[in-house]
Amino acid sequence: MFRDLRISVEVFDLDLGLKGKTVLITGASGGIGEATARVFAKEGAKVIIHYFRNEEKARKLASELDTETLVVGANLSDEKQVEEMFKEIEEKWGRIDILVCNHGIWPEEHVEIVNMDFSRWKHTLAVDLDGVFLCIRAFLRQLAKFPGEYASIIIVGSTAAIFGEAGHADYAAAKAAITYGLTRSLKNEIVSLARLGRVNAVCPGWTVTPMTEKHLKDEKLVKRVLKTIPLRKVAQPEDVANIIAVLASDKVSGHITGQIITVAGGMEGRVLFDDEEINLSNAVK
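Visitor: Which residues make up the pattern of salt bridges, and what are the values?
Guide: Counted under the stated rule, the structure contains 16 salt bridges. Note that Lys21 is salt-bridged to Asp250, the shortest N-O span being 3.7 Å. With a gap of 229 residues between them, Lys21 in the loop between α1 (2-5) and β1 (22-25) and Asp250 in helix α10 (residues 250-253) connect regions that are remote in the sequence. Classification of Lys21 as partly exposed rests on a relative accessible area of 22%. Across the pair Lys233 and Asp239 runs a salt bridge, and its minimum N-O distance is 3.9 Å. The class of Lys233 is partly exposed, set by a relative accessible area of 36%.

The structure is reproduced here in structure tokens:
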């Protein structure tokens, strides 16, 4: 099922004005992050590939990109490691023009709040919320050192931030915080450091990535998911990566900030019950 869903999606063959720009992509060693790195590389940007555990994969990706690359590793929920990562980037490359906060975890086990351990809640928020905060704070502090008119932050959220996700409320809460709270607050703050600085977010729905591979092999699940999507297909990583690149472009999106773009085939919500779980006799009383 996973392989059947993997269709070819071309990256843009359009000058977005990203040539020579420096972009840091967190969680860039696979899935949406990897596709995003490839799009920026094709546009001529200098790409910083962040990884946490899979250094080998990150370096392999760097070797495949036809552009200048820098590979950096850090646990983004650790304040000291984030600060050291940005210091390393500053010493080697100077100013970062674009920050793509793509990293995150989605605990696979379905656990409702009533049964959720506090340790799971804290871990998910540490990675998905605190890690984004720490990277954005470091990025903004760097902008203060390297003045310039332009800068861009793209936050990768999730449709879970929009619709919620039972059994994964920790993930949904973290994604909602970074998507709505941070994006819409930061658009008003970044301009004090970069006059034309912008902050936007994308919310992918189900996307074909290594993280979803196991779940997309479940034909029943895929059909259930597609019931909520007018386009009746699962997104490819490039579908999301292309929009990230467009939002990062000052040339194309220079007057767009504080926006949240859903990349989910028109998804409007989630099916809560299968057909056989609906009892029409109890539906209207």
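After that view of the structure, there is still more to cover.
Visitor: Please set out the packing of helix α4 (residues 79-93) against helix α5 (residues 118-145) residue by residue, giving values where relevant.
Guide: Relative to each other, α4 and α5 sit at 35°, their axes nearing to 10 Å. Taken as a pair, α4 and α5 cross one another with a handedness that is right-handed. Contacts between α4 and α5 involve Glu79, Val82, Glu83, Phe86 and Glu90 on the former and, on the latter, Leu134, Cys135, Arg137, Ala138, Phe139, Arg141, Gln142 and Lys145. Per-class residue counts for the contact of α4 with α5 are six nonpolar, one polar and six charged.

Visitor: Lay out the state of the cysteines in plain terms, naming residues and giving numbers.
Guide: Counted under the stated rule, the structure contains zero disulfides. In this model Cys135 remains outside any disulfide bridge; the closest cysteine sulfur is found in Cys101, 5.5 Å from its own. Of the residues examined, Cys135 reaches a relative accessible area of 0% and is grouped as buried. Not part of a disulfide, Cys203 finds its nearest cysteine sulfur in Cys101, a span of 13 Å. By relative accessible area, which is 0% here, Cys203 ends up buried.

Visitor: I'd like a description of the sheet that holds strand β3 (residues 69-73), backed by residues and values.
Guide: The strand order across the open sheet built from seven strands is β3-β2-β1-β4-β5-β6-β7, with neighbouring strands paired in parallel fashion. Looking at the sheet topology across the chains shown, the edges are occupied by β3 and β7 (260-263). Neighbour-to-neighbour, the strand axes of the sheet open up by a mean angle of 15°, direction not taken into account. Pairing geometry for β1 and strand β2 (residues 46-51), over four bridges, is parallel. In the sheet register, Val23 faces β2, and the bridge partner there is Val47. Across the sheet, helix α2 (residues 31-42) is in contact with β1, β2, β4 (98-101) and β6 (198-204); its angle to β1 comes to roughly 170°. Running over the sheet, helix α3 (residues 55-64) touches β2 and β3 and is turned about 165° from β2.

Visitor: A description of unusual backbone geometry should follow, citing residues and the corresponding values.
Guide: The backbone of Arg232 sits at a positive phi, close to 50°, despite the residue not being glycine. When you line up the elements, Arg232 lands in the loop between α8 (219-226) and α9 (237-248). We classify Arg232 as exposed; its relative accessible area is 65%.

Visitor: A description of the packing of aromatic side chains should follow, citing residues and the corresponding values.
Guide: The full count for this structure, using the stated rule, is zero aromatic pairs. Sitting above the plane of the Trp93 ring, Lys46 keeps its charged end 4.5 Å from the centroid.

What counts and how
- Residues numbered from 1 in each chain as written.
- Predicted model: local features only at pLDDT ≥ 70, side-chain atom pairs only at ≥ 80, totals over all residues.
- Heavy atoms only, no water.
- Salt bridge = Lys/Arg side-chain N within 4 Å of Asp/Glu carboxyl O.
- Helix = DSSP H or I, 4+ residues; strand = E, 2+ residues; numbered from the N terminus.
- Buried < 20%, exposed > 50% of the residue type's maximum accessible area, 1.4 Å probe, protein only.
- Axes fitted to C-alpha atoms, helices over the stretch in contact; angles between N-to-C directions.
- Left-handed = near helix turned anticlockwise from the far one by under 90°.
- Contact = heavy atoms within 4.5 Å.
- Nonpolar A, V, L, I, M, F, W, Y, C, P; charged D, E, K, R; others polar.
- Disulfide = S-S within 2.5 Å.
- Pairing = 2+ DSSP bridges.
- Phe/Tyr/Trp six-rings, centres within 6.5 Å; stacked < 30°, edge-to-face > 60°.
- Lys NZ or Arg CZ within 6 Å of the ring centre and 35° of its normal.

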